[in-house]
Amino acid sequence: LGSGGVLFYLFIFLNVTENHADPETMLLPFLRQKMKLTGTKYGCGGGGCGACTVMVSRYQPATKSIIHYSANACLLPLCQLHGAAVTTVEGIGSTKTRIHPVQERIAKAHGSQCGFCTPGMVMSTYALLRNKPQPTMDDITQALAGNLCRCTGYRPIVEGCRTFCQEANCCQANGAANCCLNGEKNGDEPEQEKPQLFDKLDLLPLDPTQELIFPPELILMADTTSPQTLTFHGERVTWVSPVSLEELIQLKAKHPKAPLVMGNTNIGPDMKFKGILHPLIISPTRVKGLFEVSQTPQGVWVGAGCSLSELHSVLEKLVPQFPEEKTEVFRALNRQLGNLGSVQIRNVASLGGNIVSAYPNSDLNPILAAGNCKVSVISSGGRREVPLNQDFFVGFGKVILQPEEIVVSVFIPFSRKGEFVQALRHAPRKEASFATVTAGMRVMFSESSRVVQDVSIYYGGMGPTTVSAAKTCQAIIRRSLCFPLNFRSLLYFITFSPCADLLFFPSGRGTTRPSAKPTTSFWKSWPSLLQLQEGREIQPGLQEFQPVSKDQSNHDAVGRPMMHRSAISQATGEAVYCDDLPKIEGELFLMVVTSSRPHAKITGLDVSEALQLPGVVDVITTKDIPGKKVRTFCGYNEELLAESEVSCIGQMICAVVADTKAHAKRGAAAVKISYEDLPDPIFTIEEAVEKSSYFEPRRLLQRGDVTEAFKTVDKVYEGEIRIGGQEHFYMETQSMLVVPVGEEMEFNVYISTQWPTLIQDAVAETLNIASNRVTCHVKRVGGAFGGKVTRTSVLASITSVAAWKTNRAVRCVLERGEDMLITGGEPSSVGFMNDGKIVAADFQFFANSGNTVDESPLVAEKMVLHMDTAYNIPNLRGRGTACKTNLPSNTAFRGFGVPQGLLIVENMINDVAMVLGCPADKIREMNMYRGPSTTHYKFEFNPENLLRCWEECKRRSDYSARRGAIEQFNEQNRWKKRGISIIPIKYGIAFSDGFLNQAAALVHIYKDGSVLVSHGGTEMGQGVHTKMQQIASRELHIPPSKIYISETSTNTVPNTCPSAASFGTDANGMAVKDACQILYQRLEPIRKKNPKGTWEIAVSDCIFLFVLRGPDLYVDWDKMEGQPYAYYTYGVSCSEVELDCLTGEYRTLRTDIVVDIGKSVNPSVDMGQIEGAFMQGLGLYTLEELKFSPFGLLYTRGPSQYKIPAVCDVPLQFNVYLLPDSDNPYAIYSSKGIGEPTLFLGSSVFFAIKDAVAAARSDSGLKGPFSLNSPATPERACLASASPFTQKVPASKPGSFKPWALDI
Ligand SMILES: Cc1cc2nc3c(=O)[nH]c(=O)nc-3n(C[C@H](O)[C@H](O)[C@H](O)COP(=O)(O)OP(=O)(O)OC[C@H]3O[C@@H](n4cnc5c(N)ncnc54)[C@H](O)[C@@H]3O)c2cc1C
Ligand code: FES
Ligand code: FES
């Protein structure tokens, strides 16, 4: 194979020779589009989510060994794969042949809901097992650290993988002391009667000898042919891969500007997201000279081409070979490497690349610099050694090297006696997250004294590049440090003295909080004082659900923990998502062009250049829309494409359609829009209130006389809390394919949405055709959480215009950054008595709705409807207002505003407790509804099950004893505090607009006895299809295996309600039940004639459509009364955290949840909803932060900037119990809706953090209520803890700085 071809193996045994490999093509699109292997998914395109994980195997001729490693296909250039074998999820197992144990176990453990992350999870685990068939739990959590899942909450995935560990797999069912594996049983209930998700004995064994072998042809090729230079010419870029150092030097001398692409983890994202074009790329991954490792008496030289994983293993091997005093730098580096990026990133990212990329917050550079490391560089001018010190890093992404110089290797010295090296990273999320601050510190004491002979301190994240704290070092040198006393003075000195140079570095993120960083970071870096948290593992959690009645037939699947019906297909990558649909002949790709101004007139739109570009077919503007140019939501019109004015950054203006995605993207970049800025854009709630910029209607509800009641109370307290917005971050971005049928204006729309009917209506009115010409198909949705309703309909309308105008199929799949761009403080008063009884409360809820109305007034409504939550406050008033601002429009998220509103209410309870100096749970308990009660909208209900959940949760979590233990812990620890909280929820189920609570089902029984069920719910991971299958199974008296659900489509079931409001099973379940019952009765005469005949004999073909109307729900806002919900779902959660008060980092030690979901139709599916929603809540309240620039630009547009919970955030012990003996007469088989309610229970972690912070503040002499906004990020928790150090940081004067991000 000569120049221009790349040969690699794809493991479903494909020998792939790609003769026209384009250097800009990554493995992911190649697999998906060219090879039609769609199991590997696109989630972010930047190495941040793990959905695209594959395993790469390479033969190493020098050692005659084969290495296997996981990698992100989205950053893996196709040209780099010559001679490699790539294993994708399709390669390791399939339903047609044999599934792999990893696929089986993740599926059976219920680790797959929407399934979009599942192939990535499978491949990360598979790659681990190829290297280590019996991993430890630590290996598993490390391997999965870079794989995000938005649905499951990770616990079930970890449980599935745990079955590969040899370590004890005790389920903790008997409590920690009494292991079930010892055969000792809990007295309460015989073990065998507890419903099990899966039987470990039934699992396929892992047999490493059965794994795919490395292709012998590739070994032969590597052993027999001498490597040659490879050159690839693409449309815009040429790729040269030299094989010798000499050749590399010559190439670099000739093309000094050409980057050296090794792992492509810096260059790749730059090219993709910033549009940087490198016409020539040099890829030295086959130059052996860059991979050599050699040891000298002074230290070790590590080849600059070595991956960070290789560096880690080199150092790990060296550490035990030398006395500890010699390996200080090695160990410090390894500590950093353990948390740098993800395994997939570390497997490809090179050491040289990391150094030369000179990230401001690089993990390695501060230690390499503090540790006296150096690099050996080579060029046509010769070889030289350059120390890695303050002179090396010269600016953002810049080092002192000449452009033609190549880093050959890096020298890491042995440490000397008396020398200590420490490393720090402080990140928004512990794993798979770039750090905010990093530090490397080396101190050398004079022999047998505490006098500092030499010291160097380097920080990352404090300026545009790695910086040296030179002044501080100078001040410390030759001083005597006597721990711990003098260390404290040293700290004080470093942070606050005039020579504290770090204070004067502009923070990497602006000037609002520069001085807090060195304080927290420095403390963290001195483990002798801090006792850093040792590694802790996620324990097997306990999930307890109700067993089915002993009389229930074995064939009846209702109430049993049946696996998600598509879990195996999802785990094998066979499950088809919208963008997996094969390309249609002539298909075009659509890319939207959005506004770059928050509030401006459009003065010009020039598409001429875009139309000239290769592949671009057309540009769609509002003038092209044949029908309605606006969508109407809540009475407001929203333009589909802006015509003359824009009201936020990210608003869609036009759309480019081209033959490929790459061409459409280039076309979109070439569209020129000119603007005239309009004055005074509104970004914050305060600005909106000042200018009365609202969306109507604003809602008010009240009971009692709040004003009068305030006059009678002992105390009044006024507080405020802000809660940040939350991104849906469904793993599958917005995806759709609109296909013109070619006849009588008929269109098929394949789409990922929660509401097919809305899409059908939207497309029809946009194209000015009747709804009967549009059929909307939804096979499955890769996560939605409220984000695939209204926004999706706008995008579908635009895509349909393109399909109509070009008369070709048009696909639109948003990139992660686009998706996040296009897609949301309130003072409240409370009056209470000295004993804690709350007499009056007055709430103000403001929602920052963005530039269009969307569903915001409904969200504000729901906040007001839920503001009583579990409490019977006799005088209660609340106003809900949706504010109109110049930020991208917000839409509803799981919980529809309730999790946001209730945080305000529970925070008020906390404030009352703090004012009175008593535990918050006492105030909660005292004010709860008891006995037959009436809500503030005059709806009668019985809170008995709420109180049962509360008591059960207190009992299960051993709340009282643990609170005592926590107090003791806090007395004994100054810098670490624990906190605990227990939080209830009462959540109304159903749509408060009655007409939405209807559903329909179409059940076909075919002649062969197989049954096809169609209903109005869309499957997005919540398991609605699985539950419908169970319901049909019960009603038709046949096993679930005879029942199939193909898709949701508007031509089988019309006028559906959205799959939202936790009402999917209630509504559609009743429809399926009724349809099945009618069919079963029709078969009655036949069955009577032949009572012993089988189902197959009894059936005749029939089609029946039955429409079922749900409860008539309403709210009369004038009378302030109504029945907005069919019933309530109750739950209580208790969480305990441990907080590092000096850094604000925390870990959830334990969470116990008790939920009343009536009689569950499928307890394992419901358990998944509870855990997944809880983890989303944990993200909302403690982690996920949307950041906007002062000009309204969303900074947090991908997994690199926006952190959703990862495996490292799962509570170390996570127990979920379903309330036994509960009933619900208002829903199918006495079950209850569960999709949304438990998201709010994630706030128990927020309040536990607040509890721990209160303990820290108490040590600082601060008592009483304090402000902690949500999310309680490490930074906020650290500052709220008010340690003596942060207290000394002077607050920045308003107006003295330009904030980096807005407080919206
Ligand atoms: C999702 C993600 C998470 C990450 N998380 C972290 C993190 O937590 N901490 C952290 O520190 N980093 C992190 N990184 C950054 C990552 O470590 C670096 O991008 C990586 O080390 C760069 O190496 P590379 O081989 O991929 O470089 P490439 O992208 O291949 O090249 C980067 C640059 O280095 C130059 N270069 C490469 N090798 C040489 C050489 N031998 N001589 C001269 N120049 C050379 C190239 O010319 C190019 O300009 C993350 C990256 C991603 C994508
Ligand atoms: S798509 Fe590759 S890591 Fe997200
Ligand atoms: S199952 Fe993991 S993202 Fe949906």
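The structure under discussion appears in the preceding block.
On a predicted model such as this, the values are computed, not experimentally measured, just so you know. (Residues numbered from 1 in each chain as written. Chains lettered and ligands numbered in written order. Predicted model: local features only at pLDDT ≥ 70, side-chain atom pairs only at ≥ 80, totals over all residues. Heavy atoms only, no water.)

Peer 1: Explain the sheet that holds strand S19 (residues 467-468) to me, and be specific about the residues and the numbers.
Peer 2: Taking strand neighbours across the sheet as the criterion, the 4 strands line up as S16-S17-S18-S19 in an open arrangement whose pairing is antiparallel. Lying at the two open borders of the sheet, with one neighbouring strand each, are strand S16 (419-426) and S19. Running at roughly 10° to S16, helix H11 (residues 328-339) makes contact with S16 and strand S17 (437-445) of the sheet. (Pairing = 2+ DSSP bridges. Helix = DSSP H or I, 4+ residues; strand = E, 2+ residues; numbered from the N terminus. Contact = heavy atoms within 4.5 Å. Axes fitted to C-alpha atoms, helices over the stretch in contact; angles between N-to-C directions.)

Peer 1: Which residues make up the site of ligand 1, and what values do they have?
Peer 2: Within the structure, ligand 1 sits among 31 residues, and Met262, Thr265, Ser350, Tyr359 and Asp363 are positioned closest to it. Within the contact set of ligand 1, an oxygen atom lies 3.0 Å away from a backbone nitrogen or oxygen of asparagine 264. Separating an oxygen atom of ligand 1 from a side-chain N or O atom of arginine 425 is a distance of 3.1 Å. If ligand 1 stood free it would expose 980 Å²; the protein chains cover 93% of that surface. The set of elements that each furnish at least two residues to the shell around ligand 1 consists of helix H13 (351-357) and strand S15 (406-413). The element best represented in the shell around ligand 1 is H13, accounting for 5 residues. Of the residues assigned to the shell around ligand 1, the class counts are 15 nonpolar, 14 polar and 2 charged. (Near = heavy atom within 4 Å. Polar contact = N/O pair within 3.5 Å; in protein donor to acceptor, adjacent residues only side chain to side chain. Areas by Shrake-Rupley, 256 points an atom, 1.4 Å probe, with all protein chains shown as cover. Nonpolar A, V, L, I, M, F, W, Y, C, P; charged D, E, K, R; others polar.)

Peer 1: An account of the sheet that holds strand S32 (residues 747-751) is requested, with residue identities and associated values reported.
Peer 2: Ordered in space as S23-S27-S21-S34-S31-S32-S33-S44, the 8 strands form an open sheet in which the pairing is mixed. Edge positions in the open sheet fall to strand S23 (616-620) and strand S44 (1048-1049), since each of these has one partner strand only. By the bridge criterion, 6 bridges tie strand S21 (residues 588-594) to strand S27 (residues 652-658) in an arrangement that is antiparallel. Within S27, the position partnered with methionine 591 by the bridge is valine 656. The strands touched by helix H21 (residues 661-670) within the sheet are S21, S23 and S27, with S21 carrying the most contacts at an inclination of about 25°.

Peer 1: Talk me through the pairing of S16; I want residue IDs and the actual numbers.
Peer 2: Along S16, 7 of the 8 residues are buried, which leaves the element largely enclosed by surrounding structure. Alignment of S16 against S17, held across 8 bridges, turns out to be antiparallel. Looking across to S17, one finds that histidine 426 is bridged to valine 437. (Buried < 20%, exposed > 50% of the residue type's maximum accessible area, 1.4 Å probe, protein only.)

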